[in-house]
Structures are given as structure tokens and as C-alpha cells.
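Now for the letters of each chain:
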Amino acid sequence: GYCGNPSENMKYYLDGTTLRFVSYDGSSQTMATYSSDYYIPWKNYNYNTVDLSMVSEISPYAFFGSHLTNVAIPSTVTSIGTFAFGNCQSLTNITVTGGTSFAADGNVLYNYGKTNLICYPAGKTGYNYELPSTVTAITSGAFAYERYLKTITVAGGTAFMAIDGVLYGQNGSSTPTSLIYYPS
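Quick notes on the rules
- Residues numbered from 1 in each chain as written.
- Predicted model: local features only at pLDDT ≥ 70, side-chain atom pairs only at ≥ 80, totals over all residues.
- Heavy atoms only, no water.
- Phe/Tyr/Trp six-rings, centres within 6.5 Å; stacked < 30°, edge-to-face > 60°.
- Helix = DSSP H or I, 4+ residues; strand = E, 2+ residues; numbered from the N terminus.
- Buried < 20%, exposed > 50% of the residue type's maximum accessible area, 1.4 Å probe, protein only.
- Lys NZ or Arg CZ within 6 Å of the ring centre and 35° of its normal.
- Core = buried A, V, L, I, M, F, W, Y, C linked by side-chain atoms within 4.5 Å.
- Contact = heavy atoms within 4.5 Å.
- Pairing = 2+ DSSP bridges.
- Salt bridge = Lys/Arg side-chain N within 4 Å of Asp/Glu carboxyl O.

Next up on the list: the packing of aromatic side chains. Aromatic ring pairs: the centre-centre distance and the angle between the two ring planes describe each pair. Under the criterion given, the structure shown has 15 aromatic pairs. Ring plane angle 85° and centroid distance 5.0 Å describe the contact between Phe21 and Trp42, whose orientation is recorded as edge-to-face. With Phe21 in strand β2 (residues 18-23) and Trp42 in the loop between β3 (29-30) and β4 (49-51), this pair connects stretches of sequence that are 21 residues apart. Each of the two residues, Phe21 as well as Trp42, counts as buried. Ring-pair connections join several aromatic residues into one group, and the members of that group are Tyr12, Phe21, Trp42, Tyr45, Phe63 and Phe85. The cationic tip of Lys114 hangs over the ring face of Tyr110; the distance from NZ or CZ to the ring centre is 5.3 Å.

Written out as C-alpha cells, the structure is:
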């Protein structure tokens, strides 16, 4: 099938348990923008890995609720939409294979400078997570559908604070200003 407008030169197909995206001119392409997972054309395919080597921008909700277990973000990807990997209950491993747009540490996805936490995998096991002191922003939905976390701590910095394992924003003050995430 086509990923967006058929004239955009990008198609997708299932190769065993890998969802592959291809571009016939060999250049990386942008996915169509999806407003929810309802519209994702490959939503009901049974795949657990994805080949993103021909993708430059991953749409919001692109793999929402899929059976992905591992995601490798290649250097071609320069943008990832919100909830792109949301509700992927089997997703435990996110890696970055080059480029200057993203970084992964402990299977958690950040922007390259690790100032923005983009995705904490929903299937990542472990009850504790320490937010790096470099993080000053958290993408909406970064912790959505996460199943195992019980406690979040903060390594330092002034953008966030943790009280009894709950993550709050603090905007430079010494008191919490907004609830960010309440682990289960």
C-alpha cells in the first residue's frame, strides 16, 4: 500500500514480521500525517520490527498500538510525531543508529542533546527510572501507556522534580508547578 499520496513515491509492505517502507527514487521520504491511529493503513498488520531507512519524518500515531518489540531509528529520520510509538505494549528496545537528531539511552528515546524525552517504551521492564539532569522538556505522551514504572527520580537540574516517585514540573522554582507523570 501507499504511505500517503501515491504520487509521493513512498510505499509500505510486510516482509515476514518486518514492516518496510520504500522509496523508488532512493531518497528518504516523509510519512503522511495521521490524526489518530484509526487512519493508519498498516494498523492491522502483524509485525514486530520496522525498517525506517527510507523515512525522514515519522508521523504522529504512526505505530500506535502496534506489536513492535524493537525500533532502530536511523540517521535518515529527522522528526518523530507525538504518540508515534504510543501504546506499543511489547516495545522494550529503542536504539538510534546514527545522525544528529536523536539519541537513545537505556532504551529511552531523546532528542540528540538529551534535553527532550520523546518516548519511554510502554513495554520497558523495570520499576525505577532516573530522569537525566539534561532533560528540560518531555514530549506529550512520552510515558503514555507505560506499564511497569513505579518510581521516577530526577538526577538534578531545575526543570523537573520527583516527590515520592511522582514526576512534577517545577519551572525553576523549588516547589512543583505541574504534574507530569504519576507511575502506576
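Next comes the rest of the description.
Before going further, it helps to spend a moment on the nonpolar core. With 30 residues, the main nonpolar core has Phe21, Trp42, Leu52, Ile58, Phe63, Ile73 and Phe85 as its most contacted residues. Contributing elements (two or more residues each) for this core: β1 (10-15), β2, β5 (55-58), β6 (70-73) and β11 (116-119). With sequence-adjacent residues up to four places away left out, Leu52 is seen in contact with Phe21, Met31, Ile58, Phe63, Val71, Ala72, Ile73, Pro74, Thr76 and Val77. Membership of the second largest hydrophobic core comes to 15 residues, among which are Val108, Tyr120, Ala159 and Phe160.

With 4 bridges joining them, strand β9 (residues 102-105) and strand β10 (residues 108-111) adopt antiparallel strand pairing. Directly across from Asp105, in β10, lies its bridge partner Val108.

Here the focus is the sheet that holds β10. What the 4 strands build is an open sheet, ordered β9-β10-β11-β13; its pairing is mixed. Single-partner strands in this sheet number two, and they are β9 and β13 (137-138).

To continue, consider the pattern of salt bridges. One pass over the full model with this rule turns up 3 salt bridges. With a shortest N-O distance of 2.8 Å, Arg20 and Asp15 are connected by a salt bridge. For Arg20, a relative accessible area of 24% translates into the label partly exposed. One salt-bridge network, in which partners are shared between bridges, spans Asp15, Arg20 and Asp51.

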